[in-house]
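Structural features, examined
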Amino acid sequence: EVQLVESGGGLVQPGGSLRLSCAASGFSFSIYWMYWVRQAPGKGLVWVARINGDAITTNHADSVKGRFTISRDNAKNTLNLQMNSLRAEDTAVYYCVRGGPSWSMDVWGKGTTVTVSS
Amino acid sequence: QSALTQPASVSGSPGQSITISCTGTTSDVGGYNYVSWYQHHPGKAPKLMIFEVSNRPSGVSNRFSGSKSGNTASLTISGLQSEDEADYYCSSCTSSTTLDVIFGGGTKLTVL
């Protein structure tokens, strides 16, 4: 079964850090683009970061550039998101997502919740 | 970069058909045939329902169909069932320099 399972979310103070991880299984992880997508409370989906299969290319949304870093370990089938200098507006459910055909996203995890609050 | 525009909510009775619109610009929906649709039951993983405007992934019911005209894409669900009640999001490839994928704001579908 193709599966993505996120972990690492929690409550953190403004300015703090968190590292999200995503365990992938059931597919050839190393050949796929992978994304982090977030959904703030009451808001829609927003792309945060993406990384290609061999980790050579990464892109981050302007809202997180310089604070978040996406990475992957193909030997461990794991996707990561290092989040530093967290702000209240980073509060959201963060989804690990597999890139599909033609800019679609064809496999999603259930998400992990990040709350930034003092 | 503004989100694609979707109605906040739509509703229909079992067996009926509904259509959800997704309006963008020539830089996204209108410029590419790379519109996708996702179904999201709260607390669960979102699910890809349509890609490339009108293609269904394996396993998705043929009650779900997609189309596009100009800068507006549409998702039609026919033969509404109670389990179709969910949030639906569209997305598109975009030529914006800040994002390469843009989502709609989401539409809550209620099956009456």
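Preceding this paragraph is the structure being described.
Residues numbered from 1 in each chain as written. Chains lettered and ligands numbered in written order. Predicted model: local features only at pLDDT ≥ 70, side-chain atom pairs only at ≥ 80, totals over all residues. Heavy atoms only, no water.

Here we look at the sheet that holds strand β2 (residues 18–23) of chain B
Neighbouring strands of a sheet are bound in pairs by backbone hydrogen bonds; such pairs are parallel or else antiparallel. Residues and elements named next belong to chain B. Pairing in this open sheet of three strands is antiparallel, and the strands run β2-β6-β5 from one edge to the other. Bordering the open sheet on either side are β2 and β5 (64–69), each of which pairs with just one other strand. Across the sheet, the mean angle from the axis of one strand to that of its neighbour is 20 degrees, orientation sign disregarded. Sheet topology places β2 next to strand β6 (residues 72–77); six bridges connect them, and they run antiparallel. Bridge pairing in β6 places cysteine 22 opposite alanine 73. (Pairing = 2+ DSSP bridges. Helix = DSSP H or I, 4+ residues; strand = E, 2+ residues; numbered from the N terminus. Axes fitted to C-alpha atoms, helices over the stretch in contact; angles between N-to-C directions.)

Re the interface of chain A and chain B
Contacts between the two partners involve 21 residues from chain A, matched on the other side by 18 residues from chain B. Together, the buried faces of chain A and chain B total about 1,800 Å²; carbon and sulfur atoms form 65% of this surface. Looking only at chain A, the three residues that lose the most surface to chain B are Leu45, Trp103 and Trp108 of chain A, adding up to 35% of its buried area. Viewed at the interface, chain B and chain A are joined by one salt bridge. Arginine 50 of chain A is paired through a salt bridge with aspartate 100 of chain B; the nearest N and O atoms lie 2.8 Å apart. In this structure, the connection of chain A to chain B is made through five residue pairs in polar contact (both at pLDDT 80 or more). Breaking the side of chain A that touches chain B down by element, the ones donating at least two residues are β4 (34–39), β5 (45–51) and β10 (105–108) of chain A. Examining the composition of the side of chain A that touches chain B, we find that four residues originate from one element, β5 of chain A, more than from any other. Its residues assigned to classes, the side of chain A that touches chain B shows eleven nonpolar, five polar and five charged. (Contact = heavy atoms within 4.5 Å. Buried area = accessible area lost by both parts, 1.4 Å probe. Salt bridge = Lys/Arg side-chain N within 4 Å of Asp/Glu carboxyl O. Polar contact = N/O pair within 3.5 Å; in protein donor to acceptor, adjacent residues only side chain to side chain. Nonpolar A, V, L, I, M, F, W, Y, C, P; charged D, E, K, R; others polar.)

Points about the pairing of β10 of chain A
With three bridges joining them, strand β9 (residues 92–99) of chain A and β10 of chain A adopt antiparallel strand pairing. Bridge pairing in β10 of chain A places arginine 98 of chain A opposite valine 107 of chain A.

Focus: the state of the cysteines
On inspection of all chains with the given rule, the structure shows two disulfides over all chains. With its sulfur 2.1 Å from that of its partner, cysteine 22 of chain A forms a disulfide with cysteine 96 of chain A. Handedness of the cysteine 22 of chain A-cysteine 96 of chain A disulfide follows from its S-S torsion of about -70 degrees: it is left-handed. Remark: cysteine 96 of chain A occurs in strand β9 and cysteine 22 of chain A occurs in strand β3 (residues 18–25); sequence separation between them is 74 residues. Cysteine 93 of chain B forms no disulfide, and the closest cysteine sulfur to it belongs to cysteine 22 of chain B, at a distance of 13 Å. (Disulfide = S-S within 2.5 Å.)

Here we look at the pattern of salt bridges
Residue and element names in this part refer to chain A. Tallying each qualifying case throughout the model produces six salt bridges over all chains. Put simply, aspartate 90 and arginine 38 hold a salt bridge, and the shortest N to O gap is 2.9 Å. Here aspartate 90 is found in the loop between β8 (78–83) and β9, whereas its partner arginine 38 is found in strand β4, with 52 residues between them in sequence. Across the pair aspartate 62 and lysine 65 runs a salt bridge whose closest N-O atoms are separated by 3.0 Å.

Quick look at the sheet that holds strand β1 (residues 3–7) of chain A
Residues and elements named next belong to chain A. The antiparallel open sheet is built from four strands, whose spatial order is β1-β3-β8-β7. The open sheet has two edge strands with one neighbour each: β1 and β7 (68–73). Along the sheet, successive strands turn relative to each other by an average axial angle of 15 degrees, direction set aside. Across six bridges, the pairing between β3 and β8 is antiparallel. In the strand pairing of β8, arginine 19 is matched with glutamine 82.

Digging into the pairing of β3 of chain A
Residue and element names in this part refer to chain A. The side-chain alternation of β3 yields one buried face, formed by Leu18, Leu20, Cys22 and Ala24, and one unburied face, formed by Arg19, Ser21, Ala23 and Ser25. The sheet contact formed by β1 and β3 spans five bridges and is antiparallel. What sits directly across from leucine 4, in β3, is alanine 24. (Buried < 20%, exposed > 50% of the residue type's maximum accessible area, 1.4 Å probe, protein only.)

A word on the packing of aromatic side chains
Taken as a whole and judged by the stated rule, the model has eight aromatic pairs over all chains. Ring geometry for phenylalanine 27 of chain A and tyrosine 32 of chain A: centres 5.4 Å apart, planes at 85 degrees, overall edge-to-face. Relative to tryptophan 108 of chain A, the ring of tyrosine 95 of chain A has its centre 5.8 Å away and its plane inclined at 75 degrees; by these criteria the two rings are edge-to-face. Within this pair, whereas tyrosine 95 of chain A is found in strand β9, its partner tryptophan 108 of chain A is found in strand β10, the two being separated by 13 residues in sequence. Connected via pairs of aromatic rings, a cluster forms that spans Tyr95 and Trp108 of chain A together with Tyr38 and Phe103 of chain B. Over the aromatic face of phenylalanine 27 of chain A sits the side chain of arginine 98 of chain A, whose NZ or CZ is 4.8 Å from the ring centroid. (Phe/Tyr/Trp six-rings, centres within 6.5 Å; stacked < 30°, edge-to-face > 60°. Lys NZ or Arg CZ within 6 Å of the ring centre and 35° of its normal.)

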